[in-house]
Amino acid sequence: EWVKVCGNAENIYIHKKSAMSAMRFLKCCAYMPTAYESIVSATAGEVITEVLFPFLCLREDDEAMFASDIDDFSRYILDETISELNERQVASNTINALCSFDKKFHDGSIIYSVLGFINNGLEEDESPRTFGFIHLLGVLRKKIKKLPEIWNGQLEDVLVDKVVPRTRSDNPAIRYR
């Protein structure tokens, strides 16, 4: 609830510090068995798709930065050294923690529901959410690599049919990660 209140579109700039604190709290809960089971596990998929995902989507300030200086925008998006300084990266780190299946107490099925969410989202028409779906796929790439049935099979179809057409550029200098 804490992240929901702070993270909705109207409040994202008003309660930025509070939203980031709430996301960090969820991330910490993902690493503690008791907290994970009592606070996170039952609603992790919903928290990721409905509460954290909007932080990954393209916003007006992103578009303004992109339009004014593509180099600054690229550094801002790709620089993982600013990991806890912006809400997009904090949300990404929290999603990574919630989708973990490395610990015995983690529910490994969460990543599958999030991948279904991404797949369905990439079926939508182009919108600011599209950036969020592609970003989320990038956030989960290391976890997806550990799932050979997805990494060696279904992911190729998603990338070829849904991601590549959306990221194709006439500008040969723009590379995608």
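Procedures and definitions
Residues numbered from 1 in each chain as written. Predicted model: local features only at pLDDT ≥ 70, side-chain atom pairs only at ≥ 80, totals over all residues. Heavy atoms only, no water. Helix = DSSP H or I, 4+ residues; strand = E, 2+ residues; numbered from the N terminus. Buried < 20%, exposed > 50% of the residue type's maximum accessible area, 1.4 Å probe, protein only. Contact = heavy atoms within 4.5 Å. Areas by Shrake-Rupley, 256 points an atom, 1.4 Å probe, with all protein chains shown as cover. Expected span 1.5 Å × (residues − 1). Arc of directions from axis to C-beta. Disulfide = S-S within 2.5 Å. Core = buried A, V, L, I, M, F, W, Y, C linked by side-chain atoms within 4.5 Å. Salt bridge = Lys/Arg side-chain N within 4 Å of Asp/Glu carboxyl O.

How do you make sense of the overall build of the chain when you look at a structure like this?
Within the chain one finds 11 helices and 0 strands. Ordered by position in the sequence, the α and β elements of the chain form the string α-α-α-α-α-α-α-α-α-α-α. Taking all 177 residues of the chain together, 40% fall into the buried category. Taking the intrachain contacts of the chain between residues at least 6 apart in sequence as the baseline, contacts between residues at least 24 apart amount to 66%. Carbon and sulfur atoms make up 55% of the accessible area of the chain, which totals about 10200 Å².

I tried to follow helix α9 (residues 128-139) on my own but got confused; where do I start?
Residue pairs three or four apart in sequence face the same way in an α-helix, which turns once every 3.6 residues. In this model α9 runs 17 Å from its N-terminal to its C-terminal C-alpha over 12 residues, within 8% of the 16 Å that 1.5 Å per residue would give. Of the positions making up α9, those classed as buried are T130, G132, F133, H135, L136, L137 and V139. Its buried side turned inward, α9 meets α7 (87-98), α8 (109-121), α10 (141-145) and α11 (148-167).

Could you clarify how one ought to interpret α8 in this entry?
Here α8 is 13 residues long and its end C-alpha atoms lie 19 Å apart, about the 18 Å a rise of 1.5 Å per residue gives. Within the sequence span of α8, burial applies to I110, I111, V114, L115, F117, I118 and G121. An end-on view of α8 places all buried positions within 155° of arc, on one side of the element. Here the buried face of α8 lies against α3 (33-40), α4 (44-52), α7, α9, α10 and α11.

Explanation requested: the state of the cysteines in the structure shown.
The bond known as a disulfide is covalent and runs between the sulfur atoms of two cysteines. Scanning the model with the defined rule gives 0 disulfides in all. Here C28 is not cross-linked by a disulfide; its sulfur's nearest cysteine counterpart is in C29, at 7.1 Å. Classification of C29 as buried rests on a relative accessible area of 1%.

Would you mind showing me how to read the environment of C99 here?
Positionally, C99 belongs in the loop between α7 and α8. A residue is classified by how much of its surface remains accessible, and C99, at 1% relative accessible area, is buried. A sequence separation of 13 residues divides C99 from Y112, and the C-alpha atoms of the two residues are 8.9 Å apart. Among residues more than four places away in sequence, those in contact with C99 are I48, I110, I111, V114, L140 and K143.

Explanation requested: the nonpolar core in the structure shown.
A general trend in soluble globular proteins is that nonpolar side chains are found buried together. Grouped together as the largest cluster of nonpolar side chains are 43 residues, with contacts concentrated most on L136 and L140. At the level of secondary structure, the elements contributing two or more residues to this core comprise α2 (16-29), α3, α4, α7, α8, α9 and α11. Broken down by element, the residue count for this core peaks at 6 residues, all from α8. The contacts of L140, once residues within four sequence positions are left out, are I95, N96, C99, V114 and I118.

Mind showing me how you'd approach the pattern of salt bridges here?
Any two side chains of opposite charge can pair, on the condition that their charged atoms come close. Per the stated rule, a full pass over the model turns up 2 salt bridges. For K162, the salt bridge identified is with E123, shortest N-O distance 2.6 Å. A residue pair is termed long-range when its members are at least 10 positions apart, and K162 in helix α11 and E123 in the loop between α8 and α9 qualify at 39 residues. Classification of K162 as buried rests on a relative accessible area of 15%. Linking R129 and E124 is a salt bridge whose minimum nitrogen-to-oxygen distance equals 3.3 Å. Accessibility expressed as a relative area gives 32% for R129, which makes it partly exposed. With a relative accessible area of 32%, E124 lands in the partly exposed category.

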